[in-house]
Amino acid sequence: MSAKNLTQDTLQLLLSFVLPAGCNLSAISKSTYRIHCPNYDVAHKVWENRVNCICPLLKPGEVIEVVASDYYARSYPKT
């Protein structure tokens, strides 16, 4: 299955296997996904691992945000 074939539900299911406990994914818009994490440390680890674990699942133009109460990071749109 390629990223072109993934629906939002399928993406959420796949990311539920990749994301650490306590993190969840929500769609902010058609092209923006936000991952909520419980704290700074977990959010930072998710952000550092996004290139290998999350970005391959995104379609061109999609953006990922990683947030916690004291953390915010946003990717550039995938090319």
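Since we're looking at a predicted model, the values are computed, not measured.

The rules we used
- Residues numbered from 1 in each chain as written.
- Predicted model: local features only at pLDDT ≥ 70, side-chain atom pairs only at ≥ 80, totals over all residues.
- Heavy atoms only, no water.
- Helix = DSSP H or I, 4+ residues; strand = E, 2+ residues; numbered from the N terminus.
- Buried < 20%, exposed > 50% of the residue type's maximum accessible area, 1.4 Å probe, protein only.
- Salt bridge = Lys/Arg side-chain N within 4 Å of Asp/Glu carboxyl O.
- Pairing = 2+ DSSP bridges.
- Polar contact = N/O pair within 3.5 Å; in protein donor to acceptor, adjacent residues only side chain to side chain.
- Contact = heavy atoms within 4.5 Å.
- Axes fitted to C-alpha atoms, helices over the stretch in contact; angles between N-to-C directions.

Participant: Could you clarify how one ought to interpret the environment of Asp41 in this entry?
Facilitator: Its location among the elements puts Asp41 in helix 2 (residues 40-53). On the basis of relative accessible area, Asp41 is assigned to the exposed category, the value being 53%.

Participant: How do you make sense of the pattern of salt bridges when you look at a structure like this?
Facilitator: Pairs can form between side chains of opposite charge once their charged atoms are near each other. Using the criterion set out here, one finds two salt bridges in the structure. Linking Arg34 and Glu65 is a salt bridge whose minimum nitrogen-to-oxygen distance equals 2.7 Å. One end of the pair, Arg34, is in strand 2 (residues 32-36); the other, Glu65, is in strand 3 (residues 63-68), and 31 residues separate them in sequence. Residue classification places Arg34 among the partly exposed positions, given a relative accessible area of 24%. For Glu65, a relative accessible area of 4% puts it in the buried group. Between Glu65 and Arg74 there is a salt bridge; the shortest N-O distance is 2.6 Å. Look at the salt bridges and you will find they share partners, linking Arg34, Glu65 and Arg74 into a network.

Participant: Got a minute to help me understand the pairing of strand 1 (residues 24-27) in this structure?
Facilitator: Each regular strand displays side chains that alternate between the two surfaces of the sheet. Pairing of strand 1 with strand 2 involves four bridges; the strand directions are antiparallel. Residue pairing in the sheet places Leu25 in a bridge with Ile35 of strand 2. Taking the residues that link successive antiparallel strands as the turn, the strand 1-strand 2 hairpin has four residues.

Participant: Can you help me understand the side chain of Glu65 in this one?
Facilitator: Engagement of the side chain of Glu65 in a polar contact is seen with the side chain of Arg34, the distance being 2.7 Å. Discounting chain neighbours no more than four positions away, the residues touching Glu65 are Ile28, Thr32, Tyr33, Arg34, Ile35, Tyr72, Ala73 and Arg74.

Participant: What am I meant to see in the side chain of Ser75 here?
Facilitator: When you line up the elements, Ser75 lands in the segment after strand 4 (71-74). Residue classification places Ser75 among the buried residues on the basis of a relative accessible area of 12%. The contact partners of Ser75, leaving out residues within four places of it in the chain, are Trp47, Val63 and Ile64.

Participant: How should the sheet that holds strand 3 be read in this particular structure?
Facilitator: Note: strands within a sheet are paired through backbone hydrogen bonds, in either parallel or antiparallel orientation. Strands sit in the order 1-2-3-4 across an open sheet of four strands; the sheet is mixed. Of all strands in the sheet, those with a lone pairing partner are strand 1 and strand 4, marking the two edges. The mean inter-strand angle of the sheet, taken between neighbouring strand axes irrespective of direction, is 20°. Along the sheet face, helix 2 touches strand 2, strand 3 and strand 4 and points at about 160° away from the line of strand 3.

Function-wise, these values are silent; they only describe arrangement.
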